[in-house]
Amino acid sequence: MGAFVEFENVSKIYKTGDVEVHALTDASFEIQKGEFCVIVGESGAGKTTLLNILGGMDTLSKGTVRMDGRDISHFNRTQLENYRRYDIGFVFQFYNLIPNLTALENVEIAAQLCTDAIPAEDVLRAVGLHDRMQNFPAQLSGGEQQRVSIARALVGNPEILILDDSASALDYVTEKALRGALSALPNKPTVFIVSQRTSSLRHADKILVLDNGALVGCGTHDVLLENCSVYREIYDSQFGGKEAYLPTIVLLLALAVVSVLCSLYIPVLVGDAIDAIIGKEQVNFAVILPKLFTCAVLIGCAALAQWLMNVCGNKVTYNTIRDMREAAFKKIHRLPFSYLDAHETGDIVSRIIADVDQFADGLLMGFSQLFTGVVTIIGTIGFMLSVNVWTTLVVVL
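The rules we used
Residues numbered from 1 in each chain as written. Predicted model: local features only at pLDDT ≥ 70, side-chain atom pairs only at ≥ 80, totals over all residues. Heavy atoms only, no water. Helix = DSSP H or I, 4+ residues; strand = E, 2+ residues; numbered from the N terminus. Buried < 20%, exposed > 50% of the residue type's maximum accessible area, 1.4 Å probe, protein only. Contact = heavy atoms within 4.5 Å. Core = buried A, V, L, I, M, F, W, Y, C linked by side-chain atoms within 4.5 Å. Salt bridge = Lys/Arg side-chain N within 4 Å of Asp/Glu carboxyl O. 1 Å grid on protein atoms, 1.4 Å probe; cavity = no way out; pocket = protein on both sides within 12 Å on 5 of 7 lines; lining within 4 Å. Points joined across faces, edges and corners; volume = space filled by probe spheres on them. Phe/Tyr/Trp six-rings, centres within 6.5 Å; stacked < 30°, edge-to-face > 60°. Lys NZ or Arg CZ within 6 Å of the ring centre and 35° of its normal.

A count of helices and strands for the protein gives 14 helices and 10 strands. Scored against the burial criterion, the 397 residues of the protein give a buried share of 41%. At a minimum sequence separation of 6, the contacts of the protein that also span at least 24 residues come to 72%.

Our focus in this paragraph is the nonpolar core. Among the nonpolar cores identified, the biggest contains 43 residues, and L161, I207, V209 and Y231 are the most heavily contacted of them. Apart from residues lying up to four places away in sequence, Y231 is in contact with V40, L201, I207, V209, H221, L224 and L225. In terms of nonpolar packing, the next biggest core, distinct from the first, is built from 30 residues, A27, I53, M67 and Y83 among them.

With that settled, the discussion passes to the pattern of salt bridges. Following the criterion strictly, the structure yields nine salt bridges and no others. Across the pair D26 and K62 runs a salt bridge, and its minimum N-O distance is 3.8 Å. Placement of D26 in strand β2 (residues 19-31) and of K62 in strand β4 (residues 62-67) is noted, with a sequence separation of 36 residues between them. A salt bridge links R125 to D122, with the nearest nitrogen and oxygen atoms 3.3 Å apart.

Another aspect to go through is the layout of surface pockets. The calculated volume of the second largest pocket comes to roughly 530 Å³. If you go around the second largest pocket, you meet 22 residues; those closest to its centre are R84, R85, I88, G89 and F90. Elements that contribute at least two residues to the lining of the second largest pocket include exactly α2 (77-86), β6 (88-91), α3 (103-111) and α5 (142-154). Ranked by residue count, the leading element in the lining of the second largest pocket is α2, at five residues.

A full pass over the atoms with the stated rule returns two aromatic pairs. Here F7 and F29 contribute two aromatic rings whose centre-to-centre distance is 4.6 Å and whose plane-to-plane angle is 20°, an arrangement assigned as stacked. With F7 in strand β1 (residues 5-16) and F29 in strand β2, this residue pair connects regions lying 22 residues apart in the sequence. Each member of the pair, F7 as well as F29, carries the same accessibility label: buried. Seen from their ring centres, F75 and Y83 are 6.0 Å apart, and the 80° between their planes marks the pair as edge-to-face. On the basis of relative accessibility, which here comes to 18%, the residue F75 falls in the buried class. Cation over ring: K12 sits above Y14, and NZ or CZ is 5.0 Å from the ring centre.

Now the structure itself:
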């Protein structure tokens, strides 16, 4: 039995006069029925071109595309119209909801064009909008409008669901609703999605990696991380900072421990050296010099640890602020029109910038100091406990 979707040496060339743009070059892959396929690649890599060819929105220059054994690359105009209407569910980058129709009516109007439609109420419940069916698009948030567009694409019970760049803005709730809706459908569609979410990549049955129009990788997340350099670069550039939080914070904690231990042990060595001098008729340099040398080494280690803490703290701060700004930018795009109408754009942007900048200032000023302070308190209490438990309890309590 063959694959459900097959691309065989598919190329797409756009011509403008004598100029040729190779948007897709000799792409070949196979996807089984019901699989969840994620497409990744930099801007201009050919993601949208691939999806448009698969969805019957564009023609190919050469090669063959098969869906369930049918060669769609040679469909005539009528066959392509039927293919798009009955076999494809397309969620566009812009939701294109009809503003004077409710969420339910927006989905119902799409159901009327299909022969095997699922009840619109059932699909809206599946995407978590059971209590928003009678709301108009202007009364919905950006994420809720996105779920309406997903429900509209699913109501026709399509064989293939395609989500273009709109999927890159899926929040956690919407992505969870999408997965729930797919599981609830009687005929689970094969999904092609352009996504930048870590959860989508990790849970994908197959990932297609595009680079300058060429398909350079096809497989699961773990396989591609090991074998595809382009995928590793894309993944690290988008998620490396977020995944680096935990190891960087662990390193910060370790450096703080080193700094505090050095700071606590230096006075002990200095005290021993002083004791070796005071009251002695002859100074024993064989005892004092190693202690002083150890003190110098510990001072250097403490200074180096403090410098590395500042570097790591600045890195965590930069990544945190970057992620906050990205989240704020996406939040603005998900705000309902009614909110945007009631507030000045400058006020919204200024408030976000001010909040992020204040948070950034706090992080930059106190990140390493916070770690050092916490470890110092813990280290001091531990040192006191090693000397005398009861005295420590009296001091602490």
